[in-house]
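So you can see what is in the structure, the chains are spelled out below.
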Amino acid sequence: KKFMPFGILMDKKSQIQITETIAVLFVFFILIFIGFGFYAKFIKANLERESDEFFQQRSIGIAQRIMFLPEFQCSEDVVKEKKNCIDGLKLESAREIINNKDNEIYYYDLFEFSKITVSQIYPLNSPISDLEIYKRESQGDKFVTSVPISLYDPITKRYAFGILNIETGVK
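Residues numbered from 1 in each chain as written. Predicted model: local features only at pLDDT ≥ 70, side-chain atom pairs only at ≥ 80, totals over all residues. Heavy atoms only, no water.

**Student:** Just give me the short version of the packing of aromatic side chains, but keep the residues and values in it.
**Tutor:** Any pair of aromatic rings gets described here by the distance separating the centres and the angle formed by the planes. All chains considered together, the criterion is met by seven aromatic pairs. For the pair phenylalanine 54 and phenylalanine 55, a centre-to-centre distance of 5.3 Å together with 70 degrees between the ring planes defines the contact as edge-to-face. For phenylalanine 54, a relative accessible area of 47% translates into the label partly exposed. Overall, phenylalanine 55 belongs to the buried group, its relative accessible area being 8%. Look at tyrosine 108 and phenylalanine 113: their rings are 5.5 Å apart centre to centre, the planes differ by 80 degrees, and that puts the pair in the edge-to-face class. Pairwise contacts between aromatic rings join Tyr106, Tyr107, Phe111 and Tyr134 into one cluster. (Phe/Tyr/Trp six-rings, centres within 6.5 Å; stacked < 30°, edge-to-face > 60°. Buried < 20%, exposed > 50% of the residue type's maximum accessible area, 1.4 Å probe, protein only.)

And the structure:
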């Protein structure tokens, strides 16, 4: 028999059992930490996926707000004509209104941290080439959403094909 701290007497068999118990507990905690590591990686991957979905939905929401603003909508005699149509003459005026310092807070509430541009794709003789409508960018990664649109020229009464690009900041 061996004398242990706290006045406990132990023989070899009980020492072996305590050593086995400590070894089992050590292996158990190692397995717990490995499992926690896998769980943390799984949660991180899910959070990244949900974050991407959130920024996609935010960017699409901004695109929908743009398409329903009267500053951009195609109209004839004050009656809305077509969906996904932007009036080419209204576009330049809307850009000036949006970038006016007096309207900064209102349009920030609508567009948040984003950069909005309109580009005419077809026909090639484009009066609208990468026209920047709104720009308030954040630092870091960007998420870009492109929406096909119809650009209407009320003077010639012709339509052109364009792209509305919304570049939102990922915080």
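Text resumes after the structure shown.
**Student:** Before we move on, can you summarise the nonpolar core with the specific residues and values?
**Tutor:** Within the largest apolar cluster, 24 residues are counted, with the highest numbers of intra-cluster contacts made by Ile66, Phe72, Phe111, Ile116, Ile149, Leu164 and Ile166. Ignoring any residue separated from it by four or fewer positions in sequence, one finds isoleucine 116 in contact with Ile62, Ile66, Phe111, Leu131, Glu132, Ile133, Tyr134, Leu164, Asn165 and Ile166. (Core = buried A, V, L, I, M, F, W, Y, C linked by side-chain atoms within 4.5 Å. Contact = heavy atoms within 4.5 Å.)

**Student:** So what's going on with the environment of leucine 69? Residues and values would help.
**Tutor:** Within the secondary structure layout, leucine 69 lies in the loop between α1 (12-68) and β3 (75-76). Here the alpha-carbon distance between leucine 69 and alanine 94, two residues 25 residues apart in the chain, equals 9.8 Å. Dropping the residues within four chain positions of it, leucine 69 is found in contact with Tyr107, Leu110 and Phe111. (Helix = DSSP H or I, 4+ residues; strand = E, 2+ residues; numbered from the N terminus.)

**Student:** Provide a residue-level description of the pairing of strand β8 (residues 142-153), including the pertinent values.
**Tutor:** As defined by bridge partners, strand β5 (residues 85-87) adjoins β8 across three bridges and the pair is classed as parallel. The residue bridging aspartate 87 from the neighbouring strand is tyrosine 152, located in β8. (Pairing = 2+ DSSP bridges.)

**Student:** Give me the lowdown on the state of the cysteines, citing residues and values where you can.
**Tutor:** A disulfide bridge is the covalent bond that connects two cysteines by way of their sulfur atoms. Taken as a whole and assessed by the stated rule, the structure comprises one disulfide. One disulfide bridge connects cysteine 74 with cysteine 85, the sulfur atoms lying 1.8 Å from each other. Its S-S torsion of approximately -70 degrees makes the covalent link between cysteine 74 and cysteine 85 left-handed. Of this pair, cysteine 74 sits in the loop between α1 and β3 while cysteine 85 sits in strand β5, placing them 11 residues apart in sequence. Across this residue pair, the class does not change: cysteine 74 and cysteine 85 are buried. (Disulfide = S-S within 2.5 Å.)

**Student:** Describe the environment of valine 118, naming the residues involved and giving the relevant values.
**Tutor:** Within the secondary structure layout, valine 118 lies in strand β6 (residues 114-122). Separated by 14 residues in the primary sequence, valine 118 and glutamate 132 have C-alpha atoms spaced 6.6 Å apart.

**Student:** Could you give an account of the sheet that holds β6, with specific residues and numbers?
**Tutor:** Pairing in this open sheet of five strands is mixed, and the strands run β5-β8-β9-β6-β7 from one edge to the other. The sheet terminates laterally at β5 and β7 (131-136), the two strands that pair on one side only. When the angles between neighbouring strand axes are averaged without regard to direction, this sheet yields 30 degrees. Where β6 meets strand β9 (residues 158-169), eight bridges bridge the pair, whose relative direction is antiparallel. Opposite isoleucine 116, over in β9, you have isoleucine 166 as the bridge partner. The strands touched by α1 within the sheet are β5, β6, β8 and β9, with β9 carrying the most contacts at an inclination of about 140 degrees. Its contacts with the sheet place helix α3 (residues 104-111) against β6 and β7, and it is angled at close to 90 degrees to β7. (Axes fitted to C-alpha atoms, helices over the stretch in contact; angles between N-to-C directions.)

**Student:** Describe α1, with residues and values.
**Tutor:** Residues that lie three or four places apart on an α-helix share one face, since the helix turns once every 3.6 residues. With 57 residues, α1 should reach 84 Å at 1.5 Å per residue; the first-to-last C-alpha distance of 83 Å fits that figure. Taken together, the buried positions of α1 are Asn46, Phe55, Arg58, Ser59, Gly61, Ile62, Ala63, Ile66 and Met67. Looking at the buried positions of α1, the neighbouring elements they touch are β5, α3, β6, β8 and β9. (Expected span 1.5 Å × (residues − 1).)

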